[in-house]
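Remarks on the overall topology
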Protein chains: 2
Amino acid sequence: MYRTHHCGAIRLANTAEQVTLSGWVSRTRDKGFMVWIDLRDRYGITQLVLDQERCSADLLEAARNLGRETVIQVTGRVIERDAKNASMPTGEVEVLVAELNVLNAAKLPPFTIEDQTDGGDELRMKYRYLDIRRNPVKQNLIFRHKVSMLVRNYLSDQGFLEVETPYLIKSTPEGARDFVVPSRMNAGQFYALPQSPQTFKQLLMVGGLDKYFQLVKCFRDEDLRADRQPEFTQIDCEMSFITQEDILNTFEGLTAHLLKAIHGIDSKPFPRMSYDEAMERYGNDKPDIRFGMELSRLNALAQHRDFEVFNSAEYVVGIAVPKAASFTRKEIDALIDWVKRPQIGAKGMVYVRYNDDGSLKSSVDKFYSEEDLKAWAEVTGAQPGDLICVLSGELAATRAQMSALRMELASRLNLRDPKVFAPLWVVDFPLLEKDEESGRYHAMHHPFTAPKPADIELLDTDPSAVRANAYDLVLNGNEIGGGSIRIHDRPTQELMFKYLGFSPEEARSQFGFLMDAFEYGAPPHGGIAFGLDRLVAILGGAETIRDFIAFPKNNSGRDVMIDAPATIDQAQLDELHLQLKPLQS
Amino acid sequence: MYRTHHCGAIRLANTAEQVTLSGWVSRTRDKGFMVWIDLRDRYGITQLVLDQERCSADLLEAARNLGRETVIQVTGRVIERDAKNASMPTGEVEVLVAELNVLNAAKLPPFTIEDQTDGGDELRMKYRYLDIRRNPVKQNLIFRHKVSMLVRNYLSDQGFLEVETPYLIKSTPEGARDFVVPSRMNAGQFYALPQSPQTFKQLLMVGGLDKYFQLVKCFRDEDLRADRQPEFTQIDCEMSFITQEDILNTFEGLTAHLLKAIHGIDSKPFPRMSYDEAMERYGNDKPDIRFGMELSRLNALAQHRDFEVFNSAEYVVGIAVPKAASFTRKEIDALIDWVKRPQIGAKGMVYVRYNDDGSLKSSVDKFYSEEDLKAWAEVTGAQPGDLICVLSGELAATRAQMSALRMELASRLNLRDPKVFAPLWVVDFPLLEKDEESGRYHAMHHPFTAPKPADIELLDTDPSAVRANAYDLVLNGNEIGGGSIRIHDRPTQELMFKYLGFSPEEARSQFGFLMDAFEYGAPPHGGIAFGLDRLVAILGGAETIRDFIAFPKNNSGRDVMIDAPATIDQAQLDELHLQLKPLQS
């Protein structure tokens, strides 16, 4: 037996008991006649003590020489501390060591195992097993487990069944790029790893399972942007005989349950907003509504003077930045530089200081009177002391720029409080979006999403105007879930594939099984999928998902710890009927 | 709103309520003036009724024409049935239909959606979404969900953390064949899908997580035997600062919890048996101990006469088959043919009838006296009325043959009662097994298993004799779990790789990250993995795993429903830097 207690378990009530503990040497303090050791395991830290009077010289010497992270086992008596430490649960006691047994030695770690470490990202990834020993990472993984259990038990209690869908499925060119898996037994053929279990969960509905969920790994072979992983986890859900309203209520219930269980927050009912409204008010389909600074269209108020920049613009938009009239010229110039960065892409920014004394001063005073500016202030809701920022240009691009500026200003002004949680349903998404390059329409959600029945006739005349029964759940400016009511009959699904540019043969060869299934009594159904990695990160008050994944990959899709991917044997390639293509210069 | 109640919900107490139900038309009975419909959903069946007096002619006509599996919605009043059906929970009531709405039509299914279907295996797989509507399959999936939730909640309550390990890892030639995934971003390199998260869970222990579990998909590209799947699910577990005893107790706890929760059975404590004892008594390392027929070595009693077959054999073994002396000559001949089949491979079988009158009659009376046979009966424990079956030959092969014969006879004699659950720990497995062809030693469990400290010195002199701290959990003759105490220091792990024929370079390139990790303070650790598919099947009283998997693959590794694997585009191959090898004639 390696231990009688964990390192976080011993209290004053255990005084005088003999205990055995095992763990890692976290820190040693040596006063010559006396040595203290902080012994650490997953559950906490217990202070060990050895001294000249009560321990043998050999034992004291052995303790003195223990390197950090050495794995030891000790047996001793629990004693009350003279100097108590109220900040740790075991802080009233220490263990007077009688026996010490080194279980495993440890080399000096490449970075310190402390809450604030000196290790850089790549080093921490390479030695992830050491990084996990650090409290913040360990607590994130424990938190993820807790959230996953809460999700599973809540959904199971609501009658959902977790069903495992296959990982070795079929590649479909639609959507993102698949990872594929060559088949040895079927020469020249490949499986694909699922981007989501979409078609399988729909087939489970056709199969009558009524309520399905699964915490499931999904795979996308995309060029990795920051904070994207080639493998990620979804909370994947589907229900039958439901309307959009049923789904929103069910998963509002789940999300509210998590916020209550984790943060003690009552969050129901969640506000709802149409996609069009979100775009108009926030320039974004996943608005952070923890703060204001809503977008105001200024075309009518700004296009009647001689300022050509505005007059020629499709869209002129302003926001009132609270208490920012006091920004220095230098701060404002920096902001203008920020919006002009290629990542944002604005041509410039007009600003108006609404001074505390009620006067208004702008960067375009040549063109606009104070009366004009007052009207802008009224529309944007600016108060004395605020700064009005104005951008202009093509609608979609300018909205995106203003949305980015709004988020940036909120960060600078500390308006994005990680302790505040503001969920929001965004509904009535467009069914299709046009790819400007190819001129083709793509499914905004996916090709299985049902158009709103009232809009179906617009498919031929005005495809962009067709709305879908599709919805996103947004939390603090992040899309944490998205879903839709599905098509459940063959003719509509065939029509949709046609509008998406599939030939009948392509549609049949890729999704024939699903359309066949729709002919054997498919119930009305719909669902939603949450990104678990991001959900956990946001609930944990963090911004990046990587620290909530045990073994993440870097931005080149590599696991730098195990050094994967890697070359494989020629024999393996032969068995798979493959050869590498010679690299071209 | 599609429904006010499920189809399994309505009771006598609901009489006179107006309800709305949705579901599938399971069956229609038409008496001319009256039509009954069994409306089915996941939760049950509710009888609908329509008649001339209380329904319009149009409604009655519409109901009459509903095909099987049509999806409908009905609204009506709950009424008490005249002829009650006590065998169904809703059997006291029916719904008098006032409105009927066809939600989706259905073609005639290719097989009947009944508990006993007329569909063959391939047809059921192709239309798996219809197969899932059948009660037995649906109940299996619900049962699997239940077992998974029980496992997760039990382990979580015991302090285990579920941690997700990566699916895109590195290929290692050791063990079974990997499925590989070509990397687009790293030309010429491949990920592999995990055969198990073995090294990652060990790294989590090095990371101090102390208790880990995961229900996780694993992948093996093996030639599929019956009832094997290329992707399967493990309950994967690992613990730190534990001995073998701790692991056996913990997972005996889990298994006993399942048996109690599911079948109300108290099963603790589980018997334990060494590998050597299991082989000696049952000829098998996963003995079914629900019945006797233990193997008895007859060498001493059978090799002193002139019967050359026995005299020249390494091993002569007998079992007493209860109450089988009455087998006819024809039945015994059939049994002899059975053991001589190539799959079993015995040369023949000697038998002794121990008649009810106490006389003994054998197929080798020419060589053995009744006194001799009496001695055989004594050793095998045969009673009057039993049949003694004797096989002989090389030890390992003959054991395997006798073990197969024992199981076959138990099946024929109905001794394998699916309602009886007999768990058993088999411990002290050999560390290595010799591959007779190559003469090389392989790890019996895997290369990370620790030898018993007392046996390490035998590694050089008698490798086969080295035992490991490795254990299997056996349930009703099936291995449902297996694990070991792991090596946790670099020198022992290097030694093990050396004995397994790895060069130092191979060991380093494949498992360097693990051996590095062992140098930074690795705790003593060990674990176990259960095969969830099989565990669920056995707990469900079934023999094959396929019916407990939502979308299984066939014996060629194909999903016949979605038709995967399949060819992929040339563009995909190009992006992956691959080309297909021309097929050779």
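Residues numbered from 1 in each chain as written. Chains lettered and ligands numbered in written order. Predicted model: local features only at pLDDT ≥ 70, side-chain atom pairs only at ≥ 80, totals over all residues. Heavy atoms only, no water.

Considerations on the overall build of chain A
To be explicit about the condition: Runs of H or I in DSSP of at least four residues are treated as helices and runs of E of at least two as strands, each being numbered from the N terminus. Relative accessible area decides the class of each residue, using a 1.4 Å probe on protein chains only: under 20% of the type maximum gives buried, over 50% gives exposed, and in between gives partly exposed. By definition in these notes, contact holds between two residues if any of their heavy atoms fall within 4.5 Å.
Counting its secondary structure elements, chain A contains 17 helices and 23 strands. When the backbone C-alpha atoms are referred to their principal axes, chain A occupies close to 90 × 75 × 60 Å. Per-residue burial over chain A gives 58% buried out of 585 residues. Partitioning the intrachain contacts of chain A with sequence separation of at least 6 by distance along the chain shows that 65% fall at a separation of at least 24.

So, the interface of chain B and chain A
Heads up, the rule is: A 1.4 Å probe defines the accessible area here, and the buried area is the portion of it lost by two parts on being joined, summed over both. The salt bridge criterion pairs a side-chain nitrogen of Lys or Arg with a carboxyl oxygen of Asp or Glu, the two atoms within 4 Å. Note on pairing: DSSP must find at least two bridges between two strands before they are called paired.
Each side of the interface is counted separately: chain B has 128 residues, and chain A has 127 residues. Summed over both partners, the interface of chain B with chain A comes to about 11,100 Å²; 60% of that surface belongs to carbon and sulfur atoms. Interface area lost by chain B to chain A is led by E164, F241 and Y520 of chain B, which between them contribute 8%. Our count for the chain B to chain A interface comes out at 16 salt bridges. Counting residues per element, the side of chain B that touches chain A draws most heavily on helix 4 (residues 135-157) of chain B, at nine residues. Here three bridges tie strand 23 (residues 578-580) of chain A to strand 23 (residues 578-580) of chain B, and the two strands are oriented antiparallel to one another. Pairing of Q579 of chain A across the sheet is with Q579 of chain B, part of strand 23 of chain B.

Let's talk about the sheet that holds strand 4 (residues 71-80) of chain A
All names here are of chain A. Put simply, the rule is: Geometry is summarised by axes, namely lines fitted to C-alpha atoms with helices restricted to the contacting stretch, and by angles between N-to-C directions that run from 0 to 180 degrees.
Judged by pairing direction, the barrel is mixed, and its five strands sit side by side in the order 1-2-3-5-4 before closing back on the first. In this sheet, neighbouring strand axes are inclined to one another by 55° on average, regardless of whether the strands run parallel or antiparallel. Most of the contacts of helix 1 (residues 57-64) go to strand 5 (residues 93-104), to which it runs at about 75°, and overall it touches strand 1 (18-30), strand 2 (34-41), strand 3 (44-51) and strand 5.

Examining the pattern of salt bridges
Considering all chains together, one arrives at 96 salt bridges over all chains under this definition. In this structure, the salt-bridge partner of K361 of chain A is D365 of chain A, at a minimum N-O distance of 2.7 Å. Of the residues examined, D365 of chain A reaches a relative accessible area of 30% and is grouped as partly exposed. A salt bridge links R305 of chain B to D372 of chain B, with the shortest nitrogen-to-oxygen separation between them at 2.8 Å. You can see R305 of chain B sitting in the loop between helix 8 (299-302) and helix 9 (308-311) and its partner D372 of chain B sitting in helix 11 (residues 370-380), a full 67 residues away along the chain. Judged by its relative accessible area of 7%, D372 of chain B falls in the buried class.

Section: the pairing of strand 10 (residues 231-240) of chain B
Each regular strand displays side chains that alternate between the two surfaces of the sheet. Residues and elements named next belong to chain B. Burial analysis of strand 10 places ten of its ten residues in the buried class, which makes it a mostly covered element. Burial of the side chains of strand 10 extends over both faces: E231, T233, I235, C237 and M239 are buried on one face and F232, Q234, D236, E238 and S240 on the other. Sheet analysis places strand 9 (residues 211-219) next to strand 10, joined by nine bridges and oriented antiparallel. Across the sheet, residue F213 finds its bridge partner in strand 10, namely C237. Both strand 10 and strand 22 (residues 525-531) contribute to a ladder of seven bridges, which runs antiparallel. By the bridge assignment, I235 is partnered in strand 22 with F530.

Brief notes about the relation of the copies chain B and chain A
Test applied: Superposing copies: least-squares fit, C-alpha atoms only, residues required to have pLDDT of at least 70 in both.
Note on the identical chains: chain B maps onto chain A by a rotation of 180° and an axial translation of 0.0 Å, with an RMSD of 0.1 Å. Taken together, the turn and the small shift mark the pair as related by a two-fold rotation axis. The overlap is high: 99% of the interface residues of chain B also sit at the interface in chain A, so the same surface is used on both sides.

A short note on helix 15 (residues 504-518) of chain A
The criterion, for reference: The span expected for a helix works out to 1.5 Å for each residue beyond the first. Fitting one axis to the seven residues ending at a residue and another to the seven starting there, the bend at that residue is the angle between the two axes.
The end-to-end C-alpha distance of helix 15 of chain A is 16 Å, clearly below the 21 Å that 15 residues give at a rise of 1.5 Å each. Along helix 15 of chain A, the sharpest kink reaches roughly 85°, centred on F511 of chain A. Along helix 15 of chain A, the residues that are buried comprise A507, Q510, F511, G512, F513, L514, M515, A517 and F518 of chain A. Tucked inside the fold, the buried residues of helix 15 of chain A contact helix 5 (198-206), helix 14 (490-499) and strand 22 (525-531) of chain A together with strand 5 (93-104) and helix 3 (128-131) of chain B.

Regarding the pairing of strand 4 of chain A
All names here are of chain A. With eight of ten residues buried, strand 4 lies mostly within the body of the structure. Of the pairings in the sheet, the one linking strand 1 to strand 4 comprises seven bridges and is antiparallel in character. In the sheet register, V19 faces strand 4, and the bridge partner there is G76.

Quick look at the domain arrangement of chain A
For the record, the criterion: All the domain ranges listed were derived from an automatic or database domain assignment.
By domain assignment, chain A separates into domain 1 (12-104) and domain 2 (291-412). A C-alpha centroid distance of 62 Å is found between domain 1 of chain A and domain 2 of chain A.

Structural notes on the sheet that holds strand 11 (residues 272-274) of chain A
All names here are of chain A. Pairing within the open sheet is mixed, and its eight strands lie in the order 6-9-10-22-21-20-17-11. Each edge of the sheet is formed by a strand with only one pairing partner; in this case those strands are strand 6 (161-162) and strand 11. Note that strand 6 and strand 9 (residues 211-219) share two bridges and pair parallel. Residue pairing in the sheet places L161 in a bridge with Y212 of strand 9. Against the sheet, helix 5 contacts strand 9, strand 10 (231-240) and strand 22, and its axis sits at roughly 25° relative to strand 10.

Some thoughts on the side chain of R128 of chain A
All names here are of chain A. To keep things clear, this is the line we draw: Any N or O atom pair separated by 3.5 Å or less is treated as a polar contact, with the protein-specific requirement of one donor-capable and one acceptor-capable atom, and with residues adjacent in sequence counted only for side-chain atom pairs.
Position of R128 among the secondary structure elements: in helix 3 (residues 128-131). Residue classification places R128 among the buried positions, given a relative accessible area of 1%. There is a polar contact of 3.2 Å between the side chain of R128 and the backbone oxygen of R546. A polar contact is formed between the side chain of R128 and the backbone oxygen of A550, at a distance of 2.7 Å. Not counting the four nearest positions on each side in its chain, R128 is found in contact with V137, R546, D547, I549, A550, F551, P552 and M561.

Description of helix 7 (residues 275-282) of chain A
Residue and element names in this part refer to chain A. Heads up, the condition is: Taking the helix axis as origin, the arc is that swept by the directions to the C-beta atoms.
When helix 7 is considered as a whole, its buried residues turn out to be Y275, A278, M279 and Y282. Down the axis of helix 7, the buried set is contained in an arc of 105°. They therefore lie on one face. Elements that come into contact with the buried residues of helix 7 comprise strand 11, helix 12 (395-412) and strand 17 (423-427). Directly after helix 7, the chain includes G283, whose backbone phi takes a positive value near 70°.

A closer look at the packing of aromatic side chains
Worth spelling out the cut-off: Each Phe, Tyr or Trp ring (for Trp, its six-membered ring) is paired with any other whose centre lies within 6.5 Å, and the angle between the two planes then decides the class: stacked below 30 degrees, edge-to-face above 60, tilted in between. A ring has a charge above it when a Lys NZ or an Arg CZ is no more than 6 Å from the ring centre and no more than 35 degrees off the ring normal.
Counting across every chain of the model gives 45 aromatic pairs over all chains. When the centroid spacing of 5.8 Å and the interplanar angle of 65° are considered together, the rings of F160 of chain A and F251 of chain A count as edge-to-face. Of the two residues, F160 of chain A is situated in the loop between helix 4 (135-157) and strand 6 and F251 of chain A in helix 6 (residues 244-263); the sequence distance between them amounts to 91 residues. Between F200 of chain A and F551 of chain B the ring centres are 5.0 Å apart and the planes differ by 65°, which places this aromatic pair in the edge-to-face class. Residue F200 of chain A is located in helix 5, and its partner F551 of chain B is located in the loop between helix 16 (532-539) and helix 17 (570-575); the two belong to separate chains. Accessibility expressed as a relative area gives 5% for F551 of chain B, which makes it buried. Positioned above the aromatic ring of Y499 of chain A, the side-chain terminus of K498 of chain A is 5.3 Å from the ring centre.

A look at unusual backbone geometry
Cis rather than trans, the peptide bond between A564 of chain A and P565 of chain A has omega equal to 0°. The topology assignment puts P565 of chain A in the loop between helix 16 (532-539) and helix 17 (570-575). Residue K268 of chain B is joined to P269 of chain B through a cis peptide bond whose omega torsion reads -5°. At N476 of chain A, a position not held by glycine, the phi torsion is positive, near 55°. Along the polypeptide, N476 of chain A turns up in the loop between strand 20 (470-475) and strand 21 (478-485). Phi at A16 of chain B takes a positive value of approximately 80°, unusual for a residue other than glycine.

Some remarks on the confidence of the model for chain A
Interpretation of this model should avoid reading the predicted coordinates in detail wherever pLDDT is low. What counts, and what does not: The predictor's confidence in any single residue is recorded as pLDDT, a number from 0 to 100.
Here chain A shows a mean pLDDT of 95. Residues at 70 or above account for 99%. Across the whole predicted complex the pTM is 0.96, and at the interface the ipTM reaches 0.95.

Overview of the state of the cysteines
The following threshold applies: We call a pair of cysteine sulfur atoms a disulfide whenever their separation is within 2.5 Å.
The tally for this structure, following the rule as stated, stands at zero disulfides over all chains. Left without a disulfide partner, C7 of chain A is nearest to the cysteine sulfur of C55 of chain A, which lies 18 Å away. For C7 of chain A, a relative accessible area of 0% corresponds to the buried category. C218 of chain B forms no disulfide, and the closest cysteine sulfur to it belongs to C237 of chain B, at a distance of 12 Å.

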